[in-house]
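Residues per chain, in single letters:
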Amino acid sequence: MEAETLALAQEMDFSLWALFARATPIVKLVMGMLVFSSFWAWAIIIQKTISYRAARSEAAAFDRAFWSGDPLDALFEETGPSPDGRSERIFAAGMVEWRRSHRNDGGLIAGAQARIDRSMDVAIAKEAEDLQKGLPVLATVGSTAPFVGLFGTVWGIMHAFIGIAEQQNTNLAVVAPGIAEALLATGLGLLAAIPAVIFYNKLSADSDRILAGYEAFADEFATILSRQLDS
C-alpha cells in the first residue's frame, strides 16, 4: 500500500501550472486576482519610474534655462502658456497671472502677489495629483495581497482536509498536493505584496522630492516677481 502511494506521489505533477490546475475554483480565482494585481503593480512601478526620471530631467533642464540670465518674458515666449514640461507649467501659471495683473496703463492690479502665488500653488497641486496617480494602487496591493493569498490558502487547506476525510486516508502523499496548492496562494500573495510595498515607499519618496523642488522653484520665482512689484 505504501509502495503504491509513493509511486502515485512520484508520478504527480507539482509544477506551478499543475498546482493551479488542480486547485479549487475559489483558490483559482484568488490566484488569478493576485497574478493580475502583481502585473498591475509592476506596470505602475515601471510607468512611474520612467515618468519620475523624465520629470527630474525636465526640471534640471528648465532650472538651467531659468537661471541662465535671460529675461523671464523671453523664456515665457519660448515656453508658451501651455508647455509640456511640469516645471514649465508652474512657471507659465505664474507668468500668465503676472501679465493679467497689469492694467492697460501699465499699472498693477492690487493683490497681484497673492494671485500669482495661488496660481502656482494650483499648478503644483495638479502636478502632485498626476505624479502620485497610481501610488494608492501599490499601497492597496501591498497591504491586502498577503491577506487575499492567506484566504486562498485557508480555503485550499480546508478543501484538502475535507478530501482527506472523504477518502479516509491521511498519507502524506495524499495530503501534500492539496496543501501545496493552498500554499501557492500565499506565495503569490507575497510575490505581489513585497515589490508593491518596496516601490510604494521609494516612489512616494521620489514624488515628495520632485514636488519639494517645484515648491522651492515657485518660492524663488515669487520672490523675483515680488521684487519687481515693489520696485
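Residues numbered from 1 in each chain as written. Predicted model: local features only at pLDDT ≥ 70, side-chain atom pairs only at ≥ 80, totals over all residues. Heavy atoms only, no water.

## Section: the environment of Ala-59
Line of reasoning, step 1. Position of Ala-59 among the secondary structure elements: in helix H3 (residues 25-66).
Line of reasoning, step 2. A residue is classified by how much of its surface remains accessible, and Ala-59, at 23% relative accessible area, is partly exposed.
Line of reasoning, step 3. Sequence spacing of Ala-59 and Arg-86 is 27 residues, and the spatial spacing of their C-alpha atoms is 7.4 Å.
Line of reasoning, step 4. Excluding residues that lie within four positions of it along the chain, Ala-59 makes contacts with Ser-87 and Tyr-214. (Helix = DSSP H or I, 4+ residues; strand = E, 2+ residues; numbered from the N terminus. Buried < 20%, exposed > 50% of the residue type's maximum accessible area, 1.4 Å probe, protein only. Contact = heavy atoms within 4.5 Å.)

## Let's talk about a nonpolar patch on the surface
Line of reasoning, step 1. Among the surface-exposed residues, Ile-26, Phe-151, Trp-155, Met-158 and Ile-162 lie close enough to one another that they form a single nonpolar patch of about 430 Å² accessible area.
Line of reasoning, step 2. Ranked by the residues each element gives to the nonpolar patch, the list is headed by helix H7 (residues 135-167), at four residues.
Line of reasoning, step 3. Relative to the elements of secondary structure, Ile-162 occurs in helix H7. (Patch = residues over 30% accessible without salt bridge, like charges linked within 9 Å, V, L, I, M, F, W, Y side chains within 5 Å. Areas by Shrake-Rupley, 256 points an atom, 1.4 Å probe, with all protein chains shown as cover. Salt bridge = Lys/Arg side-chain N within 4 Å of Asp/Glu carboxyl O.)

## Some details on the pattern of salt bridges
Oppositely charged side chains are able to pair whenever their charged atoms sit close together.
Line of reasoning, step 1. Going through the model one piece at a time under the given rule, you end up with nine salt bridges.
Line of reasoning, step 2. Between Glu-77 and Arg-99 there is a salt bridge, and its shortest N-O distance comes to 3.1 Å. Placement of Glu-77 in helix H4 (residues 72-79) and of Arg-99 in helix H5 (residues 86-100) is noted, with a sequence separation of 22 residues between them.
Line of reasoning, step 3. Classification of Glu-77 as exposed rests on a relative accessible area of 54%.
Line of reasoning, step 4. Residue classification places Arg-99 among the partly exposed residues on the basis of a relative accessible area of 35%.
Line of reasoning, step 5. Lys-133 serves as the salt-bridge partner of Asp-130, at 3.9 Å between the closest nitrogen and oxygen.
Line of reasoning, step 6. If you follow the salt bridges from partner to partner, you end up with Arg-86, Arg-89, Glu-127, Asp-130 and Lys-133 in one network.

## Quick look at a negative patch on the surface
Line of reasoning, step 1. A grouping of Asp-63, Asp-121, Glu-215, Asp-219 and Glu-220 is seen on the molecular surface, where their side chains present a negatively charged patch.
Line of reasoning, step 2. The dominant element in the negative patch, judged by the number of residues it contributes, is helix H8 (residues 172-230), at three residues.
Line of reasoning, step 3. Within the element layout of this structure, Asp-63 appears in helix H3.
Line of reasoning, step 4. Among the residues examined, Asp-63 registers a relative accessible area of 35% and is labelled partly exposed. (Lys, Arg positive; Asp, Glu negative; His and termini not counted. Charge placed at Lys NZ, Arg CZ, Asp CG, Glu CD.)

## Brief notes about helix H6 (residues 112-131)
Line of reasoning, step 1. An ideal rise of 1.5 Å per residue puts 28 Å on 20 residues; H6 measures up with 29 Å between its terminal C-alpha atoms.
Line of reasoning, step 2. Within the span of H6, buried status applies to Ala-112, Ile-116, Met-120, Ala-123, Ile-124, Glu-127, Ala-128 and Leu-131. The buried residues of H6 occupy an angular sector of 150 degrees when projected down its axis, which confines them to one face. Along H6, the residues that are exposed and aim more than 90 degrees away from the buried face are Arg-118, Lys-126 and Glu-129. (Expected span 1.5 Å × (residues − 1). Arc of directions from axis to C-beta.)

Nothing here speaks to function; it is all geometry.
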